[in-house]
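A structural walkthrough
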Amino acid sequence: MAKVHPNVVPSPATAERAAAAAAGEAGEEATTLTVWRKSLLFNCRGFTVFDAKGDLAYRVDSYDDAEAEVVLMDPAGRAAFTVRRKRLSLSGEQWLIYAGEEVRRPVYAVKRGGGGKTMARVAPCAAGTAPFEVEGSYGRRRCVVYDGERRAVAEVQPKEAVGTDVFRLVVQPGVDVSLAMAVVVALDQMFGRPSLLRSWSS
């Protein structure tokens, strides 16, 4: 298997670089992350995400299969977003994205389906902003997130010769990289088999 994690221990500047990228300060080039669908912690499920330099950018560590939320953390362990399943939703399977560890007022809702080619819709909880549409196949690691003007703002791509547990997330300039990764976490809960919160093959 190809080397997935070049620099497991983050360099001192990694957290600052991740924060700058998340704020859209990474310049005019797209941000490319390598997403590994595995936690680095023993006996734990999750994601480990590396930047283009091989440094740790994000991580998700889930200890409890029955827990209905997943926390996306930066390299220092600070919560960037919390992704929580909405219980008893009459409008179908839905996951809510909260800023940090806040779990009272969601900032986005991710809903399965949407008609036509759309596999999921990412709707801002605040009024006045158009939803994002996700098209393609998450299972095949080939899907694109479009904004309200049909511009591709993020894309999940397969990574050659390493299977579906390792893939790329490409985020366009000016887009919140942390939010794009939180959307990936929500998609994994909906379409990943198995997901973080269901049985997970080690």
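Fair warning: this is a prediction, and the values are worked out from it, not measured in the lab.

**What to know about the pairing of strand S4 (residues 69-73)**
Burial within S4 is extensive, with four of its five residues counted as buried. In this structure, the hairpin formed by S4 and strand S5 (residues 79-85) is closed by a connection of five residues, where Gly 77 is found at a positive phi of approximately 90 degrees.

**Points about the pattern of salt bridges**
It is possible for side chains bearing opposite charge to pair when their charged atoms get close. Using the criterion set out here, one finds 11 salt bridges in the structure. With a shortest N-O distance of 2.4 Å, Arg 59 and Asp 61 are connected by a salt bridge. According to the relative accessible area criterion, Arg 59 is partly exposed, its value standing at 23%. Ionic pairing is found between Arg 121 and Glu 133, a salt bridge with its closest N-O pair at 2.4 Å. Of this pair, Arg 121 sits in strand S8 (residues 118-124) while Glu 133 sits in strand S9 (residues 132-137), placing them 12 residues apart in sequence.

**Examining the pairing of strand S1 (residues 31-36)**
By the criterion of burial, S1 is predominantly enclosed, with five of the six residues buried. As defined by bridge partners, S1 adjoins strand S12 (residues 166-171) across six bridges and the pair is classed as antiparallel. In the sheet register, Thr 32 faces S12, and the bridge partner there is Val 170.

Cut-offs applied
- Residues numbered from 1 in each chain as written.
- Predicted model: local features only at pLDDT ≥ 70, side-chain atom pairs only at ≥ 80, totals over all residues.
- Heavy atoms only, no water.
- Buried < 20%, exposed > 50% of the residue type's maximum accessible area, 1.4 Å probe, protein only.
- Helix = DSSP H or I, 4+ residues; strand = E, 2+ residues; numbered from the N terminus.
- Pairing = 2+ DSSP bridges.
- Salt bridge = Lys/Arg side-chain N within 4 Å of Asp/Glu carboxyl O.

Any functional reading would require information that these geometric values do not contain.
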